[in-house]
Amino acid sequence: MSSENKVFAFLEKYLMGPMGKVASYRFVRAVMAAGMASIPFTIVGSLFLVLNVLPLTMTFLEGIWDNSFYRISDLYMVANKATMGILALYFNLVIGYEYTKLYAEEEGLNLNPLNGALLSMFAFFMTLPQLVIDGGKISVVQQIDDSTTIISGWEVADSGLSRLGTTGIFAAILVAVIAVQIYRLCVKRNWVIKMPEAVPEGVSRSFTALIPAFIVAFVILFINGILVAIGTDLFKVVAVPFSFVTNIASSWFGLMVIYFLIHALWIVGIHGANIITAFITPIILANMEANMNGANIPFAGEFGNSFVIMGGSGATLGLVLFLAFLANSKQLKILGRASLAPGIFNINEPIIFGLPIVYNPYLAIPFFLAPMASATVAYWAIKLQIISPIIAQVPWPTPIGIGAFIGTGGDFLAVIVSILCGVIAFLIYLPFIKLYDNKLVEQEKGGESVL
């Protein structure tokens, strides 16, 4: 057992400590809040898209759809454009609000979260128009051809203004951070206009944001001007490092690293999914929109809950079924039956902390291996175009098979792959849980403690 303890100690020192510190950063918490806040809207918008693409996979529906839904598709697809089409704006506003709120609460500053959100949006919209130096003069770009439509600097795509979509998420995050930091600096240095107490709060708040708004404008315009002078802009600059990160994260190797980190954190008692999700949410949403436009990227949308971690982190659905119906240990059988309903909906905290899996040398190895194996199967099934890529966001508690079916736009083969992934994960757990079950049976008969 000493070797296992050394492993846990290593994870605590070199993973739990640094990642726990990163998770405590206000910026990371604000990004996490933005990702969570966007979920209801991306689900709603995605479901309208699924309605629109069902006949592509279920061809027998074409005639029915042509005479019904497709007659009003331009109407209901507005819901998709108002969600996925402006997702960067959702991130920008929520980060501006939450980031400001965190500083107000934790530093005791008189910051108004609504001001932070509006200043962030103000800064973001100043970066959207595309500018160029032409004949010694800065002008907005005008370009209309077969591949690009830019009118008065605003690039237009099928979903609306292209930079408001997922391609703009990283720029939206960056300018929100800049705007909030300027607002914080102004309040901290008392560079604000103070109104008498008799003035209504709404009026007072608007004047409090006046000087920060001027400074935000000057800073963003200065940044824009410098970048235009060297032939680029904020979106193009941000795209370079983040496109590299996106490509790495979307590779098979990157996928293995992501799921290893999630489960390594869980093993030492930290909610790994919450921490890592803060970093990968912009990537998987951008990948999902790319899939909507014809790409074939495996790591998109709810790839994890649809194919990898059925039953919750660690892909424990099969494990729960074993505990409920096949375990010999009385305590495991009771725990399994109590955890069955939550497990079907991808909630497995009762198993992680009740079995437990946390700090459990008997189950640590399959807890790592099962999701990495299921992720590998699903990754290559999509990469090799055996099944369709994910084009729609589904609620993360969606049960096994159903999430894969909806997420891929109605691909029946995706259901089979999802179930196959669940079976593979269970087979990885089987020898380990049987050993653990036998040990607990001995303990229940009066033997030594297992852990």
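Reading the values: the criteria
Residues numbered from 1 in each chain as written. Predicted model: local features only at pLDDT ≥ 70, side-chain atom pairs only at ≥ 80, totals over all residues. Heavy atoms only, no water. Patch = residues over 30% accessible without salt bridge, like charges linked within 9 Å, V, L, I, M, F, W, Y side chains within 5 Å. Areas by Shrake-Rupley, 256 points an atom, 1.4 Å probe, with all protein chains shown as cover. Salt bridge = Lys/Arg side-chain N within 4 Å of Asp/Glu carboxyl O. Helix = DSSP H or I, 4+ residues; strand = E, 2+ residues; numbered from the N terminus. Buried < 20%, exposed > 50% of the residue type's maximum accessible area, 1.4 Å probe, protein only. Phe/Tyr/Trp six-rings, centres within 6.5 Å; stacked < 30°, edge-to-face > 60°. Pairing = 2+ DSSP bridges. Polar contact = N/O pair within 3.5 Å; in protein donor to acceptor, adjacent residues only side chain to side chain. Contact = heavy atoms within 4.5 Å. pLDDT = per-residue confidence, 0-100. Core = buried A, V, L, I, M, F, W, Y, C linked by side-chain atoms within 4.5 Å.

### Digging into a nonpolar patch on the surface
Phase 1 of the analysis: Taken together, the side chains of Trp252, Phe253, Val257, Trp380, Leu384, Ile386, Leu413 and Ile416 present a nonpolar region at the surface, about 780 Å² in accessible area.
Phase 2 of the analysis: Breaking the nonpolar patch down by element, the ones donating at least two residues are α12 (252-267) and α20 (412-444).
Phase 3 of the analysis: Among the elements that take part in the nonpolar patch, α12 stands out by supplying 3 residues, more than any other.
Phase 4 of the analysis: The class for isoleucine 416 is exposed, based on a relative accessible area of 53%.

### Looking at the pattern of salt bridges
Phase 1 of the analysis: Applying the stated rule across the entire model yields 5 salt bridges.
Phase 2 of the analysis: Glutamate 106 is the partner of arginine 26 in a salt bridge, and the nearest nitrogen-oxygen pair spans 3.0 Å. In this pair, arginine 26 is assigned in helix α2 (residues 26-57) and glutamate 106 in helix α6 (residues 87-107), connecting sequence segments 80 residues apart.
Phase 3 of the analysis: Its relative accessible area of 23% is what places arginine 26 among the partly exposed residues.
Phase 4 of the analysis: One salt bridge in this structure joins arginine 26 and glutamate 107, with 3.8 Å as the shortest N-O distance. Of the two residues, arginine 26 is situated in helix α2 and glutamate 107 in helix α6; the sequence distance between them amounts to 81 residues.

### Description of the packing of aromatic side chains
Phase 1 of the analysis: Inspection of every chain in the model, using the stated rule, returns 15 aromatic pairs.
Phase 2 of the analysis: Between phenylalanine 124 and phenylalanine 235 the ring centres are 6.2 Å apart and the planes differ by 35°, which places this aromatic pair in the tilted class. Placement of phenylalanine 124 in helix α7 (residues 113-127) and of phenylalanine 235 in helix α11 (residues 234-249) is noted, with a sequence separation of 111 residues between them.
Phase 3 of the analysis: Pairing phenylalanine 299 with phenylalanine 303 gives two aromatic rings, centres 6.1 Å apart and planes at 85°, and the pair type is edge-to-face.
Phase 4 of the analysis: Members of the aromatic cluster, joined through ring pairs, are Phe124, Phe125 and Phe235.

### Overview of the pairing of strand β2 (residues 137-140)
Phase 1 of the analysis: Pairing of strand β1 (residues 131-134) with β2 involves 4 bridges; the strand directions are antiparallel. Across the sheet, isoleucine 133 pairs through a bridge with isoleucine 138, a residue of β2.
Phase 2 of the analysis: A loop of 2 residues connects β1 with β2, the two strands running antiparallel in sequence, and glycine 135 in this loop sits at a positive phi of about 65°.

### Regarding the side chain of asparagine 348
Phase 1 of the analysis: Residue position: asparagine 348 is located in the loop between α16 (330-344) and α17 (349-354).
Phase 2 of the analysis: A polar side-chain atom of asparagine 348 sits 2.7 Å from the main-chain carbonyl oxygen of serine 313.
Phase 3 of the analysis: When near neighbours in sequence (up to four residues on either side) are disregarded, asparagine 348 contacts Gly311, Gly312, Ser313 and Thr316.

### Considerations on unusual backbone geometry
Phase 1 of the analysis: Backbone torsion omega between leucine 355 and proline 356 reads -15°, so that peptide bond is classified as cis.
Phase 2 of the analysis: Inspection of the secondary structure assignment puts proline 356 in the loop between α17 and α18 (364-383).
Phase 3 of the analysis: Here the phi dihedral of asparagine 346 falls at roughly 65°; this positive angle occurs in a residue that is not glycine.
Phase 4 of the analysis: Examined against the element boundaries, asparagine 346 turns out to sit in the loop between α16 and α17.

### Observations regarding the environment of asparagine 115
Phase 1 of the analysis: Residue placement: asparagine 115 occurs in helix α7.
Phase 2 of the analysis: Taking the C-alpha atoms as reference, asparagine 115 lies 9.4 Å from alanine 213; in sequence the two are 98 residues apart.

### Section: the sheet that holds strand β3 (residues 143-144)
Phase 1 of the analysis: Ordered in space as β3-β4-β5-β6, the 4 strands form an open sheet in which the pairing is antiparallel. Of all strands in the sheet, those with a lone pairing partner are β3 and β6 (160-161), marking the two edges.
Phase 2 of the analysis: Alignment of strand β4 (residues 149-151) against strand β5 (residues 154-157), held across 2 bridges, turns out to be antiparallel. From the neighbouring strand, isoleucine 150 faces β5, where its bridge partner is glutamate 155.

### Re the confidence of the model for the protein chain
Phase 1 of the analysis: Summary statistics for the protein chain give a mean pLDDT of 91 and a share of 96% for residues scoring 70 or more.
Phase 2 of the analysis: Per-element averaging of pLDDT across the protein chain places helix α1 (residues 2-24) at the bottom with 70 and α7 at the top with 97.

### As for helix α15 (residues 317-325)
Spacing of three or four residues puts side chains on the same side of an α-helix, whose turn is 3.6 residues.
Phase 1 of the analysis: Within α15, 7 of the 9 residues are buried, which leaves the element mostly enclosed by the surrounding structure.
Phase 2 of the analysis: Residues of α15 that are buried: Leu317, Gly318, Leu319, Val320, Phe322, Leu323 and Ala324.
Phase 3 of the analysis: Its buried side turned inward, α15 meets α16, α17 and α20.

### So, the nonpolar core
Phase 1 of the analysis: Residues Ile95, Phe124, Tyr259, Phe303, Phe307, Leu355 and Ile357 are the most contacted members of the largest nonpolar core, which totals 110 residues.
Phase 2 of the analysis: The element best represented in this core is helix α8 (residues 169-188), accounting for 14 residues.
Phase 3 of the analysis: For phenylalanine 303, the residues in contact, after removing those within four places along its chain, are Leu255, Tyr259, Pro298, Val308, Ala375, Ala378, Tyr379, Ile382 and Ile390.

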